[in-house]
Amino acid sequence: MAYGALSTAVLVTVAVLALTGRTVTSFMWGRSAGVLASAVVFYWLTVLAARGARWACLRVRILSVIMPLVIIAVDMAPGICPTWFAMVQATCALPLASRIPRRPARDQPPRRSLHRCGP
């Protein structure tokens, strides 16, 4: 939910800047809309994983590792976007990174949680 809320805030900020006559690039529009769309897909997959869909759980695990890296890597390209935009996009990646599944210690019994696939 935080990923979607932050993504929405970024898109709204870009829209407000455009409406007030500030410089907004097509990259900023596309990036903001793309990150918001990915938040919707990620939420959908999370709901399906919580309902027991193993394929969705696997995708959530993979995306929670890959997406933060991609978001930050693209924004680090010099001159592609303003510094404030890159920082806000990186902030959007934090909730995803917090969802990275961690393996339980071998001596602990398995827990049922969204961080793991299966029972």
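For the structure, check the block above.
The model shown is predicted, which means the values in this text are computed figures rather than measured ones.

Caption draft 1: Structural detail: the overall build of the chain. Within the chain, the secondary structure is distributed over four helices and zero strands. In the chain, the order of α-helices and β-strands from amino to carboxyl end is α-α-α-α. A total of 119 residues make up the chain; the buried ones form 29% of that total. Intrachain contacts of the chain at a sequence separation of at least 6 include 62% that bridge at least 24 residues. For the chain, the accessible surface area stands at approximately 7600 Å², while carbon and sulfur atoms represent 68% of it.

Caption draft 2: How the structure looks around the packing of helix H2 (residues 26-50) against helix H4 (residues 83-97). One can describe the packing of H2 onto H4 by two numbers: an axis separation of 12 Å at closest approach and a directional angle of 5 degrees. As the angle between them shows, H2 and H4 are arranged roughly parallel. Here Phe-27, Met-28, Arg-31, Ser-32, Val-35 and Phe-42 of H2 lie close against H4, whose contacting residues are Trp-84, Phe-85, Gln-89 and Leu-96. For the contact of H2 with H4, the per-class residue count stands at seven nonpolar, two polar and one charged.

Caption draft 3: Structural context of the pattern of salt bridges. A complete count under the given rule lists one salt bridge for this structure. A salt bridge links Arg-31 to Asp-75; its shortest N-O distance comes to 3.5 Å. In this pair, Arg-31 is assigned in helix H2 and Asp-75 in helix H3 (residues 54-75), connecting sequence segments 44 residues apart. For the residue pair Arg-31 and Asp-75, the accessibility class agrees, reading buried in each case.

Caption draft 4: Structural detail: the side chain of Arg-31. Judged by relative accessible area, Arg-31 falls into the buried class, the value being 13%. There is a polar contact of 3.4 Å between the side chain of Arg-31 and the side chain of Gln-89. Excluding anything up to four places from it in sequence, Arg-31 contacts Val-70, Ile-71, Val-74, Asp-75, Phe-85 and Gln-89.

Caption draft 5: Expanded view of the packing of aromatic side chains. Overall, the coordinates contain four aromatic pairs when judged by the stated rule. Ring centres of Trp-84 and Phe-85 lie 5.7 Å apart, and the angle between their planes is 85 degrees; on these two criteria the pair is classed as edge-to-face. Relative accessible area serves as the criterion here: at 35%, Trp-84 is assigned to the partly exposed category. Residue class for Phe-85 comes out buried when judged on its relative accessible area of 0%. Grouped by ring-pair contacts, the aromatic residues Phe-27, Trp-84 and Phe-85 constitute a single cluster.

Analysis parameters
Residues numbered from 1 in each chain as written. Predicted model: local features only at pLDDT ≥ 70, side-chain atom pairs only at ≥ 80, totals over all residues. Heavy atoms only, no water. Helix = DSSP H or I, 4+ residues; strand = E, 2+ residues; numbered from the N terminus. Buried < 20%, exposed > 50% of the residue type's maximum accessible area, 1.4 Å probe, protein only. Contact = heavy atoms within 4.5 Å. Areas by Shrake-Rupley, 256 points an atom, 1.4 Å probe, with all protein chains shown as cover. Axes fitted to C-alpha atoms, helices over the stretch in contact; angles between N-to-C directions. Parallel < 35°, antiparallel > 145°, perpendicular 65-115°, else oblique. Nonpolar A, V, L, I, M, F, W, Y, C, P; charged D, E, K, R; others polar. Salt bridge = Lys/Arg side-chain N within 4 Å of Asp/Glu carboxyl O. Polar contact = N/O pair within 3.5 Å; in protein donor to acceptor, adjacent residues only side chain to side chain. Phe/Tyr/Trp six-rings, centres within 6.5 Å; stacked < 30°, edge-to-face > 60°.

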